[in-house]
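Per-entry structural report
Chain by chain, the residues run as shown.
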Amino acid sequence: MCPHTSLKQQFLKKWIMGLQRCSFSKKNMSILERKKTIKLSADIAMASARNGTTRWSRALISNASKDGSDNRLVQQILGPDSNTPAATTTNKAGTRRASVCKKIVKRSHQIRRRRRKCVAAAPVKAVTSSISEHLVRKRRQVLKTLIPGGEFMDEICLIEETLDYITSLRVQVDVMRSVASACFSQS
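How each quantity is defined
- Residues numbered from 1 in each chain as written.
- Predicted model: local features only at pLDDT ≥ 70, side-chain atom pairs only at ≥ 80, totals over all residues.
- Heavy atoms only, no water.
- Axes fitted to C-alpha atoms, helices over the stretch in contact; angles between N-to-C directions.
- Helix = DSSP H or I, 4+ residues; strand = E, 2+ residues; numbered from the N terminus.
- Parallel < 35°, antiparallel > 145°, perpendicular 65-115°, else oblique.
- Left-handed = near helix turned anticlockwise from the far one by under 90°.
- Contact = heavy atoms within 4.5 Å.
- Buried < 20%, exposed > 50% of the residue type's maximum accessible area, 1.4 Å probe, protein only.
- Salt bridge = Lys/Arg side-chain N within 4 Å of Asp/Glu carboxyl O.
- 1 Å grid on protein atoms, 1.4 Å probe; cavity = no way out; pocket = protein on both sides within 12 Å on 5 of 7 lines; lining within 4 Å.
- Points joined across faces, edges and corners; volume = space filled by probe spheres on them.
- Nonpolar A, V, L, I, M, F, W, Y, C, P; charged D, E, K, R; others polar.

1. Structural notes on the packing of helix α2 (residues 31-49) against helix α7 (residues 155-186)
It is the contact of α2 with α7, at a shortest axis distance of 11 Å, that shows an interaxial angle of 125 degrees. Between α2 and α7, the angle is such that the two are oblique. As α2 packs across α7, the resulting crossing turns out to be right-handed. The residues of α7 that touch α2, namely those facing Ala42, Asp43 and Met46, are Ser168, Val171, Gln172 and Met176.

Right under this line is the structure:
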C-alpha cells in the first residue's frame, strides 16, 4: 500500500488528466453528463492509482468498461496505450492466504463439533448463536453489494478490500475537498 500523500498525488494527477481528456471529447455537456463524467473520472482515477493491485479497482474499471459510452470515457481517462488491469494476479501472499483460510476452516469445524456436544446442554446459547450468525450473514451480504466486485470475494478478502476501498474513498474525498476549497477561495 502506498503512503497516503503519494496516493493523493497519484489520484489528483490522474483525475485532472481524465477531466481534461473528457472535456475535449464533448463541448456542450448537460449538468447530468458533467456529473456522470466527474464521478466516472474520479472512480477510474482512483482505481488506476492503485495500478490494478486490488480487486475492487479491477472490478470498478471492468464494470465501467462494460457500458458502451462509459467504455469510451474509460479509454480516454486511462489513455489509449493502457490496458485494463488483469482480472487475476498471482503472488505469494495469495498462497499464504489460502493456507490461512485452511486453518480457519479447520478451526471452525472443531468449534462446530464442540457446539454440537453443548447444544443439548445449553439451548439458549444455540438461539443467540443462530441470531448472531444471521446478523453477520446479512451484514456481509450488504457489504458485498457496496464494494465493487465484492460479490465474488470470500470473507477475509472482503474485509481486506473493504479497508483498502475505504482508505481510497477517504483520499478521494480529501482531494475533492481541497480542489473545491481552492476553487471557492479564488472566486
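2. Things to note about the side chain of Gln172
Within the secondary structure, Gln172 sits in helix α7. What makes Gln172 buried here is its relative accessible area of 8%. Ignoring sequence-local partners within four residues, the contact set of Gln172 consists of Phe11, Ala42, Asp43 and Met46.

3. Overview of the pattern of salt bridges
Evaluated as defined, the whole model comprises four salt bridges. For the salt bridge of Asp174 with Lys8, the shortest nitrogen-to-oxygen distance reads 3.5 Å. Of this pair, Asp174 sits in helix α7 while Lys8 sits in helix α1 (residues 4-25), placing them 166 residues apart in sequence. A relative accessible area of 29% means that Asp174 is categorised as partly exposed. The closest approach of N and O atoms between Asp43 and Lys39, which form a salt bridge, is 2.9 Å. Of this pair, Asp43 and Lys39 both sit in helix α2, four residues apart, roughly one helical turn.

4. Things to note about empty space enclosed by the protein
What the rule picks out here adds up to one cavity of 30 Å³ or more. When its volume is computed, the largest cavity comes out at roughly 40 Å³. Lining the largest cavity, in full, are Asp43, Met46, Trp56, Leu60, Tyr165, Ser168, Leu169 and Gln172. At the level of secondary structure, the elements contributing two or more residues to the lining of the largest cavity comprise α2, α3 (55-66) and α7. Examining the composition of the lining of the largest cavity, we find that four residues originate from one element, α7, more than from any other. Of the residues that constitute the lining of the largest cavity, the class distribution is five nonpolar, two polar and one charged.

5. Focus on the packing of α2 against α3
Axis separation between α2 and α3 bottoms out at 8 Å; the angle between their running directions is 140 degrees. Of the possible angle classes, the one that applies to α2 and α3 is oblique. For the element pair α2 and α3, the recorded crossing hand is left-handed. Taking contact as the criterion, the partners of Leu40, Asp43, Ile44, Met46, Ala47 and Ser48 in α2 are, on α3, Trp56, Ser57, Leu60, Ile61 and Ala64. A per-class count over the contact of α2 with α3 returns eight nonpolar, two polar and one charged.

Note that all results are geometric; they support no functional claim without further evidence.
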